[in-house]
Amino acid sequence: MSTPLIRMQGVGKNYPSMNSGASRLRTVASLLLGSANIPHYTALQGVSLELARGESLGLIGENGAGKSTLLKIIAGVVKPSGGSLEVNGSIGALLELGSGFHPEYTGRENIFLAAALMGLSKNAITEKLASIIEFADIGDHIDQPIKHYSSGMVVRLGFAVATAMRPDILITDEVLAVGDESFQKKCIRWIEDYLAGGGTLLLCSHSMFHIQTLCQKALWIHEGRPRMLGNSFDVTREYLTYHEEKNSQAVRGEQATNSSGVYQIRSLWLEDDAGSPAALASMGGALRICGVVHSPDDRAPVILFGIVRADGTPVYGTHSNETGYRPNRIASSRFGFCARLSGIQLLPGKYTIRAHAMDPEGLRLFDTVETSVRITGQTRDYGLCRLEHEWLPGREESNTMEES
Amino acid sequence: MPVRDHFVTNLWHYRSLALNFFQREISGRYVGSVSGLFWILIHPLALLGIYSVVFTTIFRVSLPELGTGSFVAFVALALWPWLAFQEGVLRGALAVQANAGLVKKVAFPNELLVHGAVCATYAVHGVGFLAALGVIALTGNVLHFEALPLVLLFLSIQLLFTLGLALGIAALQVLLKDVEHFLTPFLMIWFYATPVLYSVAMLPERLQPYMLFNPLAYSLGRIRGLLMHGGGFILADGAALLGAVLVFVLGRWFFNRLAPHFEDFL
């Protein structure tokens, strides 16, 4: 592969903080003199990445994490305050809804303006005008000032101009979300075709579906720093897990169980079939949930375990009474237990495994001990777990059923 | 950043954008207004009317060098070029800030905004000036139309100077918002310090050398002199051209040095 399309080394962006006239003057002076000593806050730091032609990158992160700043830096609107940036190709940027449009102009005039902003000559624009208008598909509105447009129509027009440009790198900042369903599909079809033709996409989106479908790589930016860069499936999964955990932290308050002379799980761990500790399990693989439980009266307690997704959604739970399993006594008032899960059908992601000790009658629940496991694997399935299924040919008579 | 390097080739690449800004500056001022293109003449004509009443009816000024020509024609010859300068600086200085939305979202050579604003102002007042010259000639004043090419050269020199100045101020305006408040009074003082309503010859002798420090005094004086008395290219004109080019280059350097930081301040 030849030189990368985009190469960034430790790129960061500081914004000058100016709260008084004096600091404003100081900032201007240091800008002119070229000194770097400006009071600032950091919007982005330490981003290094390489993107080859035909690769596509999704940017994810919370609001204000620095995604847009990074896109602006690559688009050339913002000068990075540190690091090196190299872009070897033409860029088409849709940084914001209707950026580069003038509200008083008609749609048609704005096509000329937006294309001129991208550096296209008048002749080139005239040539492509028909296809742009056709792609935007907004009918007679094309000759009305765009201040009367809905936001969806503005996006249609903006995207249509970008399609006509066919830049080496297409940068879109969460603009797809505004279009209606059919337009989104149209855009995605176009992008897929564009990617297949060797185009490179930089997409910033909160739709993990779009990121997974359109991007090979993803970069998760967290509080101005790159947190994870890699395969878009892995990164989006991590990111979603992070959010699930964040949400459930709020729900789960203080549920710490106090313990004194009751049935109690003293330790809980996960291991693989070979008996070595495991925090990971692949989808379809096996996992053992093992532990030691304390019994004050030396009677075998009932064990209950459950699996919840990181956001607290219960997936499955069962207790040892169900199958008549009794933990075996391993020491005085100590019982050991082990449950083997085989052919795990949980979808990849992070899960919490909770275990509880109950009295031998299975009436009272005494404590909760948690550990977590990460299920690995690649799938585009949705939900919590995979259900066994197979695809079969459609039945011929279903045609007649529909007609009747 | 490829967009901001290689100034000249880059500007050529963006020529259709430059043209777009230029047209937008012109159309933006009359689109939606009822008076249409007529507004081009309203402001200078109103000023001319006021000066005429104040100086010929109230103060009864008589200019020795005027001869048979009217005072109104004398003022008019310098007024249009001055207005082109004054409005050009003002519009150019605010052009970047006025298009903050664009500057923040799209990568393009920001200086085109200033060029568009200044050139459009010169074009508009240039057309008004030609119309005014026609009217002045028709009302019985003697004008040396054969000097018109040289007058156009001076307007171009003045345009370069205006561009350089406007670029510098526009960059400062983005960084320091106060500039615009100083600009209007500053331009008003400059107006009275420039021989538009009077001629250099009317100044006390000890003040006359100071006019050398006012580039506008030279260009307006030459434009008026050429149209009233005719004449050719002299050596000092070459110096004026060089000076204007220097101001333009400096202003442009200053602007493009700060342009990458505009987004931080807008």
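Sequence order as written defines residue numbering, which begins from 1 separately in each chain. Chains carry letters and ligands carry numbers; both start at the beginning, A for chains and 1 for ligands, and go up in the order they are written. With pLDDT at 70 or above as the cut-off, local features in this predicted model cover only qualifying residues; side-chain atom pairs require 80 or more to be listed or tallied, and sums for whole chains, interfaces and linings still use all residues.

**Examining the overall build of chain B**
Secondary structure elements are defined from DSSP: runs of H or I of at least 4 residues count as helices, runs of E of at least 2 residues count as strands, and each element is numbered from the N terminus. A tally of regular secondary structure across chain B gives 11 helices and 0 strands. N-terminal to C-terminal, the α/β element order of chain B is α-α-α-α-α-α-α-α-α-α-α. Dimensions of chain B, computed from the C-alpha atoms along their principal axes, are close to 60 × 45 × 35 Å. Each residue is represented by a C-beta atom placed from its backbone, and any two residues with such atoms within 7 Å are regarded as in contact. When contacts within chain B are restricted to residue pairs at least 6 apart in sequence, long-range pairs at least 24 apart make up 82% of them.

**Concerning the overall build of chain A**
When you go through chain A residue by residue, the secondary structure sums to 9 helices and 18 strands. Here the globule rule reads 2.2 Å times residues to the power 0.38, and the radius of gyration is calculated from C-alpha atoms. Relative to the compact-globule value of 22 Å for 404 residues, chain A shows a C-alpha radius of gyration of 29 Å, a clear excess of over 25%. Across its three principal axes, chain A shows a C-alpha extent of roughly 90 × 75 × 45 Å. A burial count over chain A gives 36% of its 404 residues as buried. For chain A, contacts bridging at least 24 residues in sequence account for 71% of all contacts bridging at least 6. Any residue with 12 or fewer other C-beta atoms within 10 Å of its own C-beta is exposed, any with 20 or more is buried, and the rest are partly exposed; the C-beta atoms used are placed from the backbone.

**Concerning the domain arrangement of chain A**
Residues and elements named next belong to chain A. Domain delimitation follows an automatic or database domain assignment. Each domain of chain A was delimited in the assignment, giving domain 1 (45-246) and domain 2 (264-376). Inter-centroid distance (C-alpha atoms) of domain 1 to domain 2 is 47 Å. Between domain 1 and domain 2, the contact holds 4 residues from the first and 6 residues from the second. Following the grouping adopted for this structure description, the nonpolar residues are Ala, Val, Leu, Ile, Met, Phe, Trp, Tyr, Cys and Pro, the charged ones are Asp, Glu, Lys and Arg, and the polar ones are all others, Gly among them. A breakdown of the residues in the side of domain 1 that touches domain 2 according to their chemical character gives no nonpolar, 1 polar and 3 charged.

**Quick word on the pairing of strand 9 (residues 225-231) of chain A**
Residues and elements named next belong to chain A. Two strands qualify as a pair provided that DSSP identifies no fewer than 2 bridges between them. As paired elements, strand 8 (residues 217-222) and strand 9 share 6 bridges and run antiparallel to each other. The residue bridging Ile221 from the neighbouring strand is Pro226, located in strand 9. Hairpin connection between strand 8 and strand 9: a loop of 2 residues separates the two successive antiparallel strands, and Glu223 in this loop has a positive phi of roughly 50°.

**Considerations on the interface of chain B and chain A**
Across the boundary between the two partners, chain B contributes 21 residues, which contact 24 residues of chain A. Contributions of two or more residues to the side of chain B that touches chain A are made by helix 2 (15-30), helix 5 (100-105) and helix 11 (262-265) of chain B.

**Quick notes on the nonpolar core**
Definition of nonpolar core: a set of buried Ala, Val, Leu, Ile, Met, Phe, Trp, Tyr and Cys residues joined via C-beta atoms within 7 Å. Ranked by size, the top nonpolar core spans 149 residues in total, and within it Leu59(A), Val161(A), Ile171(A), Ala166(B) and Ala170(B) carry the most contacts. If you tally residues by element for this core, the top one is helix 4 (residues 71-98) of chain B, at 17 residues. In this structure Ala166(B) touches Gly88(B), Val89(B), Gly92(B), Ala93(B), Val114(B) and Val118(B), once residues within four positions along its chain are discounted. Residues Val302(A), Phe337(A), Ile344(A) and Ile375(A) belong to the second largest nonpolar core, which totals 24 residues.

**Things to note about the sheet that holds strand 13 (residues 302-309) of chain A**
Adjacent strands of a sheet pair through backbone hydrogen bonds, lying either parallel or antiparallel. Residue and element names in this part refer to chain A. A sheet is described by the order of its strands in space; here 5 strands give the open sequence 11-18-17-13-14, paired in mixed fashion. Every other strand in the sheet has two partners, leaving strand 11 (280-282) and strand 14 (314-319) as the edge strands with one partner each. Strand-to-strand twist in this sheet, taken as the mean axis angle between neighbours without regard to direction, amounts to 25°. Summarising the sheet, strand 17 (residues 349-358) and strand 18 (residues 369-376) pair through 7 bridges and their orientation is antiparallel. Paired with Tyr351 across the strands is Val373, a residue of strand 18. For helices, the fitted line uses only the C-alpha atoms of the stretch in contact; every axis is such a line through C-alpha atoms, and the angle between N-to-C directions lies from 0 to 180 degrees.

**Examining the sheet that holds strand 10 (residues 264-271) of chain A**
Residues and elements named next belong to chain A. Strand order in the open sheet formed by 4 strands is 10-12-16-15, and the pairing between neighbours is antiparallel. The open sheet terminates on both sides in strands that have one partner only, identified here as strand 10 and strand 15 (328-331). For this sheet the average axis-to-axis angle between neighbouring strands, irrespective of direction, equals 30°. The sheet contact formed by strand 10 and strand 12 (residues 287-294) spans 7 bridges and is antiparallel. Across the sheet, residue Gln264 finds its bridge partner in strand 12, namely His294.

**As for the packing of helix 7 (residues 148-175) of chain B against helix 9 (residues 215-229) of chain B**
The relative placement of two packed helices comes down to the angle between their axes together with the axis-to-axis distance. Residue and element names in this part refer to chain B. Closest axis-to-axis distance for the helix 7/helix 9 pair is 9 Å, and the angle between their directions is 165°. Taken together, helix 7 and helix 9 sit at an angle that is classed as roughly antiparallel. Regarding helix 7 and helix 9, the two cross each other, and that crossing is left-handed. Every residue of helix 9 that contacts helix 7 at Leu150, Val151, Phe154, Ile157, Gln158 and Phe161 is listed here: Pro215, Ser219, Arg222, Ile223, Leu226 and Leu227. Here the residues of the contact of helix 7 with helix 9 sort into 9 nonpolar, 2 polar and 1 charged. Between 65 and 115 degrees an angle is taken as roughly perpendicular, under 35 as roughly parallel, over 145 as roughly antiparallel, and anywhere else as oblique. A clockwise turn of the near helix away from the far one marks a right-handed crossing, whereas an anticlockwise turn of less than a right angle marks a left-handed crossing.

**A word on the packing of helix 7 of chain B against helix 8 (residues 179-192) of chain B**
All names here are of chain B. At a closest axis distance of 9 Å, the pairing of helix 7 and helix 8 adopts a crossing angle of 140°. Our classification of the angle between helix 7 and helix 8 gives oblique. Note on element contacts: helix 8 touches helix 7 through Val179, Glu180 and Leu183, opposite Ile169, Leu172 and Gln173. Here the residues of the contact of helix 7 with helix 8 are counted per class, giving 4 nonpolar, 1 polar and 1 charged.

**Here's the deal with helix 4 (residues 122-136) of chain A**
Residues and elements named next belong to chain A. Each residue is assigned a bend, namely the angle between axes fitted to the seven residues that terminate at it and the seven residues that start at it. Maximal helix bending in helix 4 amounts to about 50°, located at Lys128. Among all positions of helix 4, only Ile125, Lys128, Ile132, Phe135 and Ala136 are buried. Residues of helix 4 that are buried make contact with helix 3 (107-117) and helix 5 (151-165). Remark: Asp137 follows helix 4 within two positions and exhibits a positive phi of approximately 55°.

**Comments concerning the pairing of strand 13 of chain A**
Within a regular strand, the side chains alternate between the two sheet faces. Residue and element names in this part refer to chain A. Most of strand 13 is tucked away, with 6 of its 8 residues classed as buried. Strand direction decides the pairing type here: strand 13 and strand 17, joined by 8 bridges, are antiparallel. Paired with Val308 across the bridge in strand 17 is Thr352. In this structure, strand 13 lies alongside strand 14, joined through 5 bridges in antiparallel fashion.

**Here we look at the confidence of the model for chain A**
Residues and elements named next belong to chain A. A residue's pLDDT is the confidence the predictor assigns to it, expressed on a 0 to 100 scale. The predicted model of chain A averages 83 in pLDDT, with 93% of residues at 70 or higher. Strand 8 holds the highest mean pLDDT among the elements of chain A, 92, whereas helix 9 (residues 397-403) holds the lowest, 62. Note on residues 252-260: pLDDT under 50 across the span, and 6 contacts to partners over four residues away in sequence or across chains.

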